[in-house]
Amino acid sequence: MEPLPLELPADTVQRLASELKCHPTDERVALRLDEEDKLRHFREYFYIPKMKDLPPIDLSLVDKDESAIYLLGNSLGLQPKMVKTYLEEELDKWAKMGVYGHDTGKRPWITGDEKISGLMTDIVGASEKEIVLMNGLTVNLHLLLLSFFKPTPKRYKILLEAKAFPSDYYTVESQLQLHGLNTEKSMRIVTPREGEETLRTEDILEVIEKEGDSIAVIMFSGVHFYTGQYFNIPAITKAGQAKGCFVGFDLAHTIGNVELHLHDWGVDFACWCSYKYLNSGAGGLAGAFVHEKHAHTIKPALVGWFGHELSTRFKMDNKLQLIPGANGFRISNPPILLVCSLHASLEIFKKATMKALRRKSILLTGYLEYLIKHYYGKDKPGNKIAVNIITPSRIEERGCQLTLTFSVPIKYVFQELEKRGVVCDKREPNGIRVAPVPLYNSFYDVYRFISVFNSALDSVERKHASV
Ligand SMILES: *Cc1c(COP(=O)(O)O)cnc(C)c1O
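Trainee: Help me understand the overall build of the protein chain, please; the structure alone is not making it clear to me.
Mentor: Along the protein chain, the regular secondary structure elements total 16 helices and 13 strands. Computed over C-alpha atoms, the radius of gyration of the protein chain comes to 23 Å, within 12% of the 23 Å expected from 2.2 N^0.38 for 467 residues, which places it in the range of a compact globule. The proportion of buried residues among the 467 residues of the protein chain is 55%. Put simply, 70% of the contacts in the protein chain that link residues at least 6 apart link residues at least 24 apart.

Trainee: Where do I start with the site of the ligand in this structure?
Mentor: Around the ligand, the neighbouring residues are Leu137, Thr138, Phe165, Asp168, Asp250, Ala252, His253, Tyr275 and Lys276. Between the ligand and Asp250, the relevant distance is 3.2 Å, taken from a nitrogen atom to a side-chain nitrogen or oxygen of the residue. Contact between the ligand and Lys276: an oxygen atom at 2.6 Å from a side-chain N or O atom of the residue. In the complex, the protein chains occlude 82% of the 390 Å² of accessible area that the ligand would expose alone. In terms of residue class, the shell around the ligand is made up of four nonpolar, two polar and three charged.

Trainee: For this particular structure, what's the right way to read the packing of aromatic side chains?
Mentor: Geometrically, a pair of aromatic rings is defined through the distance of the ring centres and the angle of the planes. Within this structure, the stated rule accounts for 16 aromatic pairs. Members of the aromatic cluster, each reached through a chain of ring pairs, are Tyr375, Tyr376, Phe406, Phe449 and Phe453. Sitting over the face of the ring of Tyr86, Arg107 holds its NZ or CZ atom 4.5 Å from the ring centroid. A cation sits over an aromatic face here: Arg313 above Phe306, 4.2 Å from the ring centre.

Trainee: Got a minute to help me understand the sheet that holds strand E5 (residues 215–221) in this structure?
Mentor: Either a parallel or an antiparallel arrangement is found when strands of a sheet pair, and the pairing is made through backbone hydrogen bonds. In space, the seven strands of this open sheet follow the order E2-E8-E7-E6-E5-E3-E4, with mixed pairing throughout. Looking at the sheet topology across the chains shown, the edges are occupied by strand E2 (131–133) and strand E4 (187–190). Neighbour-to-neighbour, the strand axes of this sheet turn through a mean angle of 20 degrees, independent of strand direction. Pairing of strand E7 (residues 269–272) with strand E8 (residues 287–290), which is carried by four bridges, proceeds in the antiparallel orientation. Its bridge partner being in E8, Trp272 is matched across the sheet by Gly287. Helix H6 (residues 137–148) rests against E5, strand E6 (246–250), E7 and E8 of the sheet, and its axis sits at about 165 degrees to E7. Contacts from helix H10 (residues 233–242) reach E5 and E6, with the element oriented near 155 degrees to E6.

Trainee: Looking at this structure, I do not really get the packing of helix H3 (residues 82–97) against helix H13 (residues 336–352). What am I missing?
Mentor: Axes are the key here: two packed helices are described by the angle between their axes and the distance separating the axes. Where H3 contacts H13, the axes come no closer than 8 Å and their chain directions differ by 145 degrees. Taken as a pair, H3 and H13 cross one another with a handedness that is right-handed. Residues Met82, Val83, Tyr86, Leu87, Glu90 and Leu91 of H3 form the contact with H13, whose own contacting residues are Ile336, Leu337, Cys340, Ser341, His343, Ala344 and Glu347.

Trainee: What should I look at first to understand the sheet that holds strand E12 (residues 425–427) in this one?
Mentor: Strand order in this open sheet of four strands is E9-E10-E13-E12, and the pairing throughout is antiparallel. Of all the strands in the sheet, the pair left with one neighbour each is strand E9 (387–389) and E12. Adjacent strand axes in the sheet meet at a mean angle of 35 degrees when their direction is disregarded. One ladder, built from four bridges, connects strand E10 (residues 402–406) with strand E13 (residues 431–434); its direction is antiparallel. Bridged to Leu402 within E13 is Val434.

Trainee: Got a minute to help me understand unusual backbone geometry in this structure?
Mentor: The bulk of non-glycine residues show a negative phi, and the bulk of peptide bonds are trans. The phi dihedral of Lys21 falls on the positive side, at around 55 degrees, and the residue is not glycine. Inspection of the secondary structure puts Lys21 in the loop between helix H1 (9–20) and helix H2 (27–35). Its relative accessible area of 74% is what places Lys21 among the exposed residues. Of note in this structure, Lys163 is not a glycine but carries a positive phi near 55 degrees. In this structure, Lys163 sits in the loop between strand E3 (157–161) and helix H7 (166–178). On the accessibility criterion, Lys163 (52% relative accessible area) is exposed.

Trainee: Teacher, can you tell me more about H13 here?
Mentor: Since the α-helix advances by 3.6 residues per turn, residues separated by three or four positions end up pointing in the same direction. For H13, spanning 17 residues, the distance from its first C-alpha to its last is 25 Å, which sits close to the expected 24 Å at 1.5 Å a residue. Among the 17 residues that make up H13, twelve are buried, leaving the element largely enclosed by the rest of the structure. For H13, the set of buried residues is Ile336, Val339, Cys340, Ser341, Leu342, His343, Ala344, Ser345, Leu346, Ile348, Phe349 and Ala352. Looking at the packing, one finds that the buried side of H13 touches H3, helix H4 (112–117), helix H5 (121–124), E2 and helix H14 (354–376). Once H13 finishes, Thr353 follows within two positions and takes phi at roughly 70 degrees, a positive value.

Trainee: Sorry if this is basic, but what is going on with the pattern of salt bridges here?
Mentor: Opposite charge on two side chains allows them to pair when their charged atoms are near. In the structure shown here, the tally under the stated rule is 34 salt bridges. The shortest N-O distance in the salt bridge between Lys293 and Asp268 comes to 3.7 Å. Of this pair, Lys293 sits in the loop between E8 and helix H12 (310–313) while Asp268 sits in the loop between helix H11 (262–265) and E7, placing them 25 residues apart in sequence. By relative accessible area, Lys293 is classed as partly exposed at 42%. Classification of Asp268 as buried rests on a relative accessible area of 3%. With a shortest N-O distance of 3.7 Å, Arg448 and Asp445 are connected by a salt bridge. Residue Arg448 and its partner Asp445 are located together in helix H16 (residues 443–463), separated by three residues, close to a single helical turn. Using a relative accessible area of 10% as the deciding quantity, one classes Arg448 as buried. Among the residues examined, Asp445 registers a relative accessible area of 2% and is labelled buried. Connected through shared salt-bridge partners, Glu7, Arg15, Glu19, Arg32, Glu35 and Glu36 make up one network.

Reading the values: rules and limits
Residues numbered from 1 in each chain as written. Predicted model: local features only at pLDDT ≥ 70, side-chain atom pairs only at ≥ 80, totals over all residues. Heavy atoms only, no water. Helix = DSSP H or I, 4+ residues; strand = E, 2+ residues; numbered from the N terminus. Rg over C-alpha atoms; globule rule 2.2 N^0.38 Å. Buried < 20%, exposed > 50% of the residue type's maximum accessible area, 1.4 Å probe, protein only. Contact = heavy atoms within 4.5 Å. Near = heavy atom within 4 Å. Polar contact = N/O pair within 3.5 Å; in protein donor to acceptor, adjacent residues only side chain to side chain. Areas by Shrake-Rupley, 256 points an atom, 1.4 Å probe, with all protein chains shown as cover. Nonpolar A, V, L, I, M, F, W, Y, C, P; charged D, E, K, R; others polar. Phe/Tyr/Trp six-rings, centres within 6.5 Å; stacked < 30°, edge-to-face > 60°. Lys NZ or Arg CZ within 6 Å of the ring centre and 35° of its normal. Pairing = 2+ DSSP bridges. Axes fitted to C-alpha atoms, helices over the stretch in contact; angles between N-to-C directions. Left-handed = near helix turned anticlockwise from the far one by under 90°. Expected span 1.5 Å × (residues − 1). Salt bridge = Lys/Arg side-chain N within 4 Å of Asp/Glu carboxyl O.

In structure tokens:
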């Protein structure tokens, strides 16, 4: 899928430690990693929350003026500083010229979404014509399935992964119901082997090989929201298409996290939200991809006026001239205020590039993994509380997130982390998700996280000695 780094993260950490003549867990290693990080200045493009402004903080445990240890960009990305400026530009325009804003200025409202979709091409690995920015993620998934899922008596199943995100699950379930299909028979869920947390690619491919003839659509996530597993998109796509299935991906946790080449991989369709790694703010403008090969054959099932070619859209003659491909799926005029926040973030991505971000991400998450294993690895019997990383350890099978499980109830651990200014999240059944994001997290953030993590677990041990 992607070339591995020349040196594995653990080897980099050990090499630096020996150069600095210190232990790999020493603060100096983190500082050196930051020094050598060519992307470190991008942190300055974002507002990083301060300890004192976080609701659950125990002020006796933190320095209130310090920045929080924010490791939750997988759930809600931080705010780029330019967002406010861009919003003000459009609000000013609206105040000063009203309706003339539709076709004036740097972001004419009628084409605001199109003005920034070019900034997505590197992130998605697709041409501008294959990308559309619209709606919310779940809405887009519905719209895509309405076009790509055309069940027949022989081919009627949708294949998805176990513990799919609830919204995706409900989408698939309700799409099946829309066609009058029995959901139990038509929803084919691939589950991990007994005693395993993540799926093996070979097991996914085997299901496709055996049952592919009855599968209409394969709809997987790219990176799984809970386990952090990065599925092998090209292999799943190839296997599915060889059996005549359409293959699509929900990229909520994938986009802006790993490098994507949707066009070259031949993926049929995909969709994503933009408030996670893409930092567009809650409810931000989502997106979708439809491969060029379908531009003239797969049509939107539900049509609105923004799917009509711009050149004749305002003739208002009710003679549909549908835009071929992804942009024909647009229904309404674009929400310009949502365009602004996404614009601010995508400009930063453009400067940083996905290639460089992914390179840093591998090292950043590798450093986190190294430290967790150092303190809590299976060969450390002194610990009362066992910590396990359920995210795959192979670099090609994960993005930046690590999911940790514990031998004690996670609520105890989570509370202690939260009080100390770590922003991460707990997810049922038993996981704490930690995601160092290469765009604004530093190696020093990871170092601080580990120090706090150690003291949080000590505290859990003391308070709940019997657990
Ligand atoms: C975050 C997320 C969603 C959220 O859907 P919205 O429509 O944006 O509310 C859906 N699916 C997955 C896999 C997600 O990670």
